[in-house]
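What follows is the residue order along each chain.
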Amino acid sequence: MTTDYSPTAGVQVPDTKLAAEATALVRDVTDELVYHHSRRVFFFGALQGRVRDLSCDPELLYIGAMFHDLGLGERFHTSGRRFEVDSADEARRFLRSHDVPEDSVRRVWTAIALHTTPGIPAFMEPEVALVTAGVEYDVLGIGYEDVSDADRAAIVALHPRPDFKRRILAAFTEGIRPKPETAFGNVKADVLQHCVPGFERGDFVRTILDSPWPE
């Protein structure tokens, strides 16, 4: 069996105490779906970094990838916040508990908080850009041909994705259904519209017209 820290597709998971503790935490509080997805996000994000000629801190990329979906968990269902913010806050607490410099904490927080906001992360720091690139690759298939068939197969062999499309949509639904107001204006409203009978998405134009301003 391949160990967590063996190179795969030419990408080395950081062999550090911080990365090891992040891995253990994520394995403890999430299921196999989120764990394997998060690891693939790191690998695909790192490979997209090579394609885009972006040099990043691999440890920060790893932490961002591993924590990015923690906010979908049951203990956050009543937070009233977007799951991305809950995920980012958990990463920030983890990093601060290990005395990581604040600029690094900020990068990871931003990478996680913006990972479902298209069109912005690509213009920010490499760690921010590449967490989103890894998510977009694994979930949406954006840039699919940028990774070779052999590298893609090696990553999926290490971190399988059986029935992934259906299962990740179910995980999104379960994590957001209890707080549907947090989907206003973002891509997760599409998930709820498809998967939750009776869901009514917010209307930005209606919100403007119905605001308390008289003109």
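Preceding this paragraph is the structure being described.
Remember, it's a predicted structure, so these values are computed and weren't measured experimentally.

## What to know about the pattern of salt bridges
1) Next: Scanning the model with the defined rule gives 19 salt bridges in all.
2) Next: Across the pair Arg 75 and Glu 90 runs a salt bridge whose closest N-O atoms are separated by 2.7 Å. Residue Arg 75 is located in the loop between helix H3 (58-67) and helix H4 (83-97), and its partner Glu 90 is located in helix H4; the two are separated by 15 residues in the primary sequence.
3) Next: Given the relative accessible area of 56%, Arg 75 is considered exposed.
4) Next: Since its relative accessible area comes to 12%, Glu 90 is described here as buried.
5) Next: Where Arg 96 meets Glu 102, a salt bridge forms, and the shortest distance between an N and an O atom there is 3.0 Å.
6) Next: The exposure class of Glu 102 is partly exposed, given its relative accessible area of 44%.
7) Next: Each of Asp 103, Arg 106, Arg 107, Glu 125 and Glu 127 takes part in salt bridges that share partners, so that together they form one network.

## Points about unusual backbone geometry
1) Next: Phi is positive for Asp 99, which is not a glycine, with a value near 60 degrees.
2) Next: Residue Asp 99 is classed as exposed on the basis of its relative accessible area, which comes to 69%.
3) Next: In this structure, Asp 163 takes a positive phi of about 50 degrees despite not being glycine.
4) Next: In this structure, Asp 163 sits in the loop between helix H7 (149-158) and helix H8 (164-176).
5) Next: Given a relative accessible area of 43%, Asp 163 falls into the partly exposed group.

Calculation notes
- Residues numbered from 1 in each chain as written.
- Predicted model: local features only at pLDDT ≥ 70, side-chain atom pairs only at ≥ 80, totals over all residues.
- Heavy atoms only, no water.
- Salt bridge = Lys/Arg side-chain N within 4 Å of Asp/Glu carboxyl O.
- Helix = DSSP H or I, 4+ residues; strand = E, 2+ residues; numbered from the N terminus.
- Buried < 20%, exposed > 50% of the residue type's maximum accessible area, 1.4 Å probe, protein only.

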